[in-house]
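Per-entry structural report
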Amino acid sequence: MALVTTKEMFSKALNSDYAIGAFNVNNMEIIQGIVEAGQQENSPLILQVSAGARKYAKPAYLVKLVEAAIEDTGCDVALHLDHGEDFEICKKCVDDGFTSVMIDGSKHDFEENIRITKEVVDYAHAHGVVVEAELGKLAGIEDDVNVDSKDATFTDPAQAKEFVERTGVDSLAVAIGTSHGAYKFKGEPRLDFERLKAIHEAIPDTPLVLHGASTVIKEFVDKCNEYGGEIPGAQGVPEDMITTAAKYGVCKVNIDTDLRLAMTAEVRKYLAENPKEFDPRKYLGAGRAAIKDMVAHKIRDVLNASNTK
Ligand code: G3H
Ligand code: 13P
Ligand code: ZN
């Protein structure tokens, strides 16, 4: 068993009503929890590594841990760079054996975003690696994404078509109202599904990606708060909205915050209930089990992806 690209997973998911979960990984326990869930649910997986994760765990460890996880479980896994900020980091990941990279040129203007995306696509494709890009800007966590003035940063369907044609990118992350972190909406959660449908119509063959897709499930925020300091702000994307997005071209759904909350809640609970325990295997093992449960829930109940391998 070896790492796979997202090509086959996305071609099956594109015109179906399910999406593949893309989960952020930072250490062995998180990787193990995710692949155990993928194995149980018989679903392909995307394991993604941010620049922060590379700095924390070092790329060589993450690549080897993911390879070991595949050997152990037989899961179909794509190893993906999350939010690569320039050509250099994307090139490094391609050279390190990643099968998918994201070049996030969303902070640049349209022409510059096209230029750096195309540069990454040319290099990655020459090495059999697929590329995700982003068009439009996700709101910052402090922003109120419900206000109309934010429209300017949402993805424009006509631009999306031109972007995909000129870059040859394999998948496109879109901005339709989600944002990163534990605080996404000030008022009622709202995603711009009309815009999502229009983008999907404009580029029907391009798998779409939803970043900032955590739900920030109240049960886990409450549990974190019960056993430790308060998590500031808590307002995510309702799970039924994620399920709906999967029907309109969204093939990859990025989830990190919900995993962090699940693991932190369980580790805090374990340590609070076992104050004399100081064996890291005990509390990290509890955290790993919480990751598995959360990922299995997402695959089965939110992404509709069980038995899609
Ligand atoms: O999109 C960001 C992910 O949640 C990764 O977060 O940069 O703190 O590793 P990080
Ligand atoms: P969340 O913060 O909503 O989990 O989003 C994660 C993400 O988009 C990683 O790229
Ligand atoms: Zn993201």
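Residues numbered from 1 in each chain as written. Chains lettered and ligands numbered in written order. Predicted model: local features only at pLDDT ≥ 70, side-chain atom pairs only at ≥ 80, totals over all residues. Heavy atoms only, no water.

1. A word on helix 2 (residues 28-41)
In a regular helix each residue adds 1.5 Å, so 14 residues correspond to 20 Å; helix 2 covers 20 Å between its end C-alpha atoms and thus fits that length. Along helix 2, the positions that sit buried rather than exposed are E29, I30, I31, G33, I34, V35, A37, G38 and E41. Turning to helix 2, the residues buried within the fold contact strand 1 (20-24), strand 2 (45-49), helix 4 (59-73), strand 3 (77-84), helix 11 (257-273) and helix 12 (280-302). Phi for N42, located one or two positions after helix 2, is positive at around 55 degrees. (Helix = DSSP H or I, 4+ residues; strand = E, 2+ residues; numbered from the N terminus. Expected span 1.5 Å × (residues − 1). Buried < 20%, exposed > 50% of the residue type's maximum accessible area, 1.4 Å probe, protein only. Contact = heavy atoms within 4.5 Å.)

2. Brief notes about the packing of aromatic side chains
Overall, the coordinates contain two aromatic pairs when judged by the stated rule. Ring centres of F87 and Y123 lie 5.8 Å apart, and the angle between their planes is 80 degrees; on these two criteria the pair is classed as edge-to-face. You can see F87 sitting in helix 5 (residues 87-96) and its partner Y123 sitting in helix 6 (residues 110-126), a full 36 residues away along the chain. Taken individually, F87 and Y123 each receive the classification buried, so the pair is uniform in this respect. (Phe/Tyr/Trp six-rings, centres within 6.5 Å; stacked < 30°, edge-to-face > 60°.)

3. A look at the site of ligand 1
Near ligand 1 you find N24, S50, D82, H83, H180, D256 and R260, and these make up its full shell. At 2.6 Å, a side-chain N or O of S50 approaches an oxygen atom of ligand 1. Here an oxygen atom of ligand 1 sits 3.3 Å away from a polar atom, N or O, in the side chain of H180. Within the complex, the protein chains bury 65% of what would otherwise be the 300 Å² of accessible surface of ligand 1. (Near = heavy atom within 4 Å. Polar contact = N/O pair within 3.5 Å; in protein donor to acceptor, adjacent residues only side chain to side chain. Areas by Shrake-Rupley, 256 points an atom, 1.4 Å probe, with all protein chains shown as cover.)

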